[in-house]
Amino acid sequence: MMVFPLFWFLFSTISSTLPTQANTFPPCNETEKHALLRFKRALYDPRNRLSSWSAHKDCCEWNGVHCHNITGRVIELNLCNPCVSCHEFALGGKVSPALLQLEFLNHLDLRSNEFGGAPIPSFLGSIRSLAYLDLSFTSFGGSYYNAPSLYYANFTSLTFLSITRNHFIHEIPNWVFNLNTSLLDLNLWGNQFTGQIPECLGQLKCLESLTLEDNFFDGPIPSSLGNLSSLSLLDLAGNRLNGTLPSSPRLLPNLVRLYIGNNSLVGTVSEDHLKKLSKLKGLHTSSTSLIFKVKSNWVPPFQLEYLHMSSRHLGPNFPTWLQTQTSLLVLDISNSGIMGVAPTWLWKWASRINGLILSNNQISGNLLGVWLNNTSVNLNSNRFTGLLPAFSSNVITLNMANNSFRGPISQFLCQNLNGTSQLEVLDLSNNDLSGELPQCWKSWPSLSHLNLGNNNLSDCTSLGLLDLSDNQLVGNIPTWIGELTALNALSLRSNKFIGEIPSQVCQLSSLIVLDLANNELSGIIPKCFNNFGLMVAKETSDDLLVALRYSGYEINDESLVLMAVGRDFEYEGILKYMRMIDLSSNNLSGLIPTELSQLVGLLYLNMSRNHLMGSIPEKIGRMTSLVSLDLSTNCLSGEIPQSLGRIPLSTQLESFDAFSYIDNAQLCGAPLKKKCTQDGESQISVDIIEENEESSEIPGFYISMGLGFVVGF
């Protein structure tokens, strides 16, 4: 009857002697703590990433420090930059030899920090306990002219070594070849290592991953690599290797990825090279002179996921063995000499592939009935004919330029996608397409790149309204825009267009609305804007209003939104009366063209937030129809022309006040408070605008003709 109480007493006594949960792990070693503090003092830490490294705290609790849970000794330093692309978070300075006192350190990660091209500290080679060393993207360097980095090392346990994307200009140091019993992963990618790939690499019998990509290695691929029977990744791409492909790869039964592209290799790749690579998932032989020569009925022993064989000889026949590959995610056989009609099995088989790249061949055929379901499709520069194929809403990039596709463009653009289109890039240039641009762009909300140049879209000259505002369109405004000679309204607002405003815009003599605001346009304002005939005229004839009404789009029903700070004005059914140019929020420079003053029918002119210079043209006062003028936030100078004061007051707006001209430091004269001297220059004074003025809104007006990516006509 006394057994249970006795057991409970013993259990309680023993439990009371065990450490509490808070003290489960021992504190860090004091010697190592002080070593780490010396290491910290030698570093440059602009964002205080090591702020937790305090002498008053247990170093095992510091950021990036990991200790053994029994001994409390430091075993890992993980100090990689948490934001790889953010240089302001990078540690710099010097790597202190205080690390030598961390005698159990087996993991050191300094990735993506910045050490200014200095050699790798030689003392690192004496940390014999290191098993993992990652110095990638750290700007370490070394050459023959200043002793090579880490010229000597005595690593005995190193299993992982990565020094990718640094500045090493010498041969692979000899000590690497002594790691024949431990090294599993060697990554030298993206440096400037020179010389031939040493045969000694074949001694690293435990190696599972070897990456030598993007260096300056030359000479042949060493046959000794065939000794690396555990190798799963062999990446030699992007060097200056020459000679033929040795038979050694076939001795690598565990190889999963083989990348030898972008070299000067020649000769033939045969079935014998690949017959034992049953685990192969990725093969990259692009941009070599290798000839792929296998039997037509060859069945590979592998199932590839990634195949890159561009810019090399694969044709002339379409490789039939590809249809045995049912796991492919990416296929790139561009510029590979393939000729003739695409096989009937191709398109159904390829529908499972994410990236399909067949460009720059001479593949022909009619794609009627073909349904493209790939994320990315590139059929550019082939000989395809007939109508454009159908495609699914999964397609993101679609390039079918430089072929012989024909037929109406509307049938392709307005097809039922059974879902919201994800298409971002569409290039159909240099074909034989015809017809009018359709009114179905609302189905393409993600489109950012569109090229329809060099087709037969002659009927587009009747297009009346083109609204591509509020998208992510990039590049230059296409010059073919000038071919849309019937265009009345062009809105490219809020995109990412760059470069100059093309002079071809001036061919749009029927424009009444030109909105290029909020882009990244640069250069000068074209002097030929006075070609906009409907802006030169003060009144629009009844015949033209009828033409606008029945030109194929309901311009009479479009809504007009005039926006000012603190107030939105919206009008419906008056777009046909609108005359507006908005070039605001760009990087335009130079003088305001005097020719603008000929646009006497213009109602709204906004050129604010640019870098325009010089004086305001005196003749601008002739623009007596203006109800809104905004020249603010430029670099204009001199006296504001008094002729502007003679522009009649609008029924909706006050006459131009100081807000039309603010943030032009050298501008003076009424309505600014800054007075001009006798020679027309501004006096040094501060332009103060009363806060309680009734006209406190900046008249920065713009027009909105729809949301998203809209084309109407």
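Above this text you will find the structure in question.
### Examining the overall build of the protein
So, step 1. Of regular secondary structure, the protein possesses seven helices and 49 strands.
So, step 2. Burial analysis of the protein (713 residues in total) assigns 50% to the buried set.
So, step 3. Look at the contacts in the protein between residues 6 or more apart in sequence, and 59% of them connect residues 24 or more apart.

### A short note on the side chain of Asn382
So, step 1. Here Asn382 shows up in the loop between β26 (376–378) and β27 (383–386).
So, step 2. A relative accessible area of 7% means that Asn382 is categorised as buried.
So, step 3. A distance of 3.0 Å separates a polar side-chain atom of Asn382 from the backbone nitrogen of Ile363.
So, step 4. Within the structure, the side chain of Asn382 is placed 3.3 Å from the backbone oxygen of Asn380, a separation counted as a polar contact.
So, step 5. Setting aside anything within four residues of it in sequence, one finds Asn382 in contact with Leu358, Ser359, Asn360, Asn361, Gln362, Ile363, Asn402 and Asn403.

### Some words on the pattern of salt bridges
So, step 1. Taken as a whole, this structure holds seven salt bridges when the rule is applied.
So, step 2. The shortest N-O distance in the salt bridge between Arg73 and Glu103 comes to 3.0 Å. Taken together, the residues Arg73 in the loop between β2 (65–67) and β3 (74–78) and Glu103 in the loop between β4 (92–93) and β5 (107–109) connect sequence positions 30 residues apart.
So, step 3. Assessed through its relative accessible area of 18%, Arg73 is described here as buried.
So, step 4. Asp134 is paired through a salt bridge with Arg111; the nearest N and O atoms lie 3.3 Å apart. Note that Asp134 is positioned in strand β6 (residues 132–134) and Arg111 in the loop between β5 and β6, a separation of 23 residues in sequence.
So, step 5. The exposure class of Asp134 is buried, given its relative accessible area of 4%.
So, step 6. Within the structure, one salt-bridge network assembled from shared partners comprises Glu32, Arg73 and Glu103.

### Side note on unusual backbone geometry
So, step 1. In this chain, Gly315 is followed by Pro316 through a cis amide linkage whose omega measures 10 degrees.
So, step 2. In this fold, Pro316 is placed in the loop between β20 (306–308) and β21 (330–332).
So, step 3. Looking along the chain, the bond that leaves Ala670 and enters Pro671 is cis, with omega of 10 degrees.
So, step 4. Relative to the assigned elements, Pro671 resides in the loop between β48 (666–668) and β49 (710–712).
So, step 5. Residues other than glycine seldom take positive phi values, yet Asn418 does so here, at roughly 55 degrees.
So, step 6. Examined against the element boundaries, Asn418 turns out to sit in the loop between α5 (409–413) and β31 (425–427).
So, step 7. For Asn430, which is not glycine, the phi torsion reads 60 degrees and is therefore positive.

### A closer look at the sheet that holds β27
So, step 1. Taken in spatial order, the five strands of this open sheet run β22-β24-β27-β30-β32, and their pairing is parallel. Where the open sheet ends on each side, the last strands, each with one partner, are β22 (339–341) and β32 (432–434). Strand-to-strand twist across the sheet, computed as the mean angle between neighbouring axes with direction ignored, equals 15 degrees.
So, step 2. Bridging between β27 and strand β30 (residues 404–408) involves two bridges; their strand directions are parallel.

### Some details on the side chain of His284
So, step 1. Here His284 lies in strand β18 (residues 282–284).
So, step 2. Under the relative-accessibility criterion, His284 is labelled buried at 17%.
So, step 3. There is a polar contact of 3.3 Å between the side chain of His284 and the backbone nitrogen of Ser286.
So, step 4. Filtering out sequence-adjacent residues up to four positions away, His284 remains in contact with Ala237, Leu258, Tyr259, Ile260, Gly261, Asn262 and His308.

### Focus: the state of the cysteines
So, step 1. All told, the structure shown has five disulfides when counted by the stated rule.
So, step 2. Note that Cys506 is cross-linked by a disulfide to Cys528, the S-S spacing being 1.9 Å. Because the sign of the S-S torsion sets the handedness, a value of about 65 degrees for the bond joining Cys506 and Cys528 places this disulfide among the right-handed ones. Of the two residues, Cys506 is situated in the loop between β37 (496–499) and β38 (513–515) and Cys528 in the loop between β39 (520–523) and α6 (533–536); the sequence distance between them amounts to 22 residues.
So, step 3. Sulfur-sulfur distance for the disulfide between Cys668 and Cys676 comes to 1.9 Å. On the sign convention where negative means left-handed, the S-S torsion of about 110 degrees between Cys668 and Cys676 marks this disulfide as right-handed.
So, step 4. Judged by its relative accessible area of 0%, Cys668 falls in the buried class.

### A look at the environment of Gln203
So, step 1. Here Gln203 lies in the loop between β10 (185–187) and β11 (209–211).
So, step 2. Sequence spacing of Gln203 and Leu228 is 25 residues, and the spatial spacing of their C-alpha atoms is 7.9 Å.

### Observations regarding the sheet that holds strand β14 (residues 240–244)
So, step 1. The three strands lie next to each other as β12-β14-β16, forming an open sheet whose pairing is parallel. Only two strands of the sheet have a single partner each, and these edge strands are β12 (218–219) and β16 (264–266).
So, step 2. Note: β14 against β16, three bridges, orientation parallel. Paired with Asn242 across the two strands is Ser264, which belongs to β16.

### Brief notes about the pairing of strand β45 (residues 611–614)
So, step 1. Here strand β43 (residues 587–591) pairs with β45 via three bridges, running parallel. Of the residues in β45, the one forming a bridge with Ser589 is His611.
So, step 2. Two elements, β45 and strand β47 (residues 635–639), share two bridges in a ladder whose sense is parallel. Residue pairing for β47: Gly614 is matched across the bridge by Leu636.

### Side note on the nonpolar core
So, step 1. Within the largest apolar cluster, 123 residues are counted, with the highest numbers of intra-cluster contacts made by Leu99, Trp347, Leu398 and Phe412.
So, step 2. Where this core is concerned, the elements lending two or more residues are α2 (30–41), β2, β3, α4 (346–350) and α5.
So, step 3. Residues within four places of Trp347 in sequence aside, it is in contact with Ala342, Leu356, Leu358, Leu367, Val370, Leu372, Leu379 and Phe384.
So, step 4. Judged by nonpolar contacts, the second largest core, of 44 residues, contains Leu487, Phe497, Leu588 and Leu636.

Thresholds, definitions, all that
Residues numbered from 1 in each chain as written. Predicted model: local features only at pLDDT ≥ 70, side-chain atom pairs only at ≥ 80, totals over all residues. Heavy atoms only, no water. Helix = DSSP H or I, 4+ residues; strand = E, 2+ residues; numbered from the N terminus. Buried < 20%, exposed > 50% of the residue type's maximum accessible area, 1.4 Å probe, protein only. Contact = heavy atoms within 4.5 Å. Polar contact = N/O pair within 3.5 Å; in protein donor to acceptor, adjacent residues only side chain to side chain. Salt bridge = Lys/Arg side-chain N within 4 Å of Asp/Glu carboxyl O. Pairing = 2+ DSSP bridges. Axes fitted to C-alpha atoms, helices over the stretch in contact; angles between N-to-C directions. Disulfide = S-S within 2.5 Å. Core = buried A, V, L, I, M, F, W, Y, C linked by side-chain atoms within 4.5 Å.

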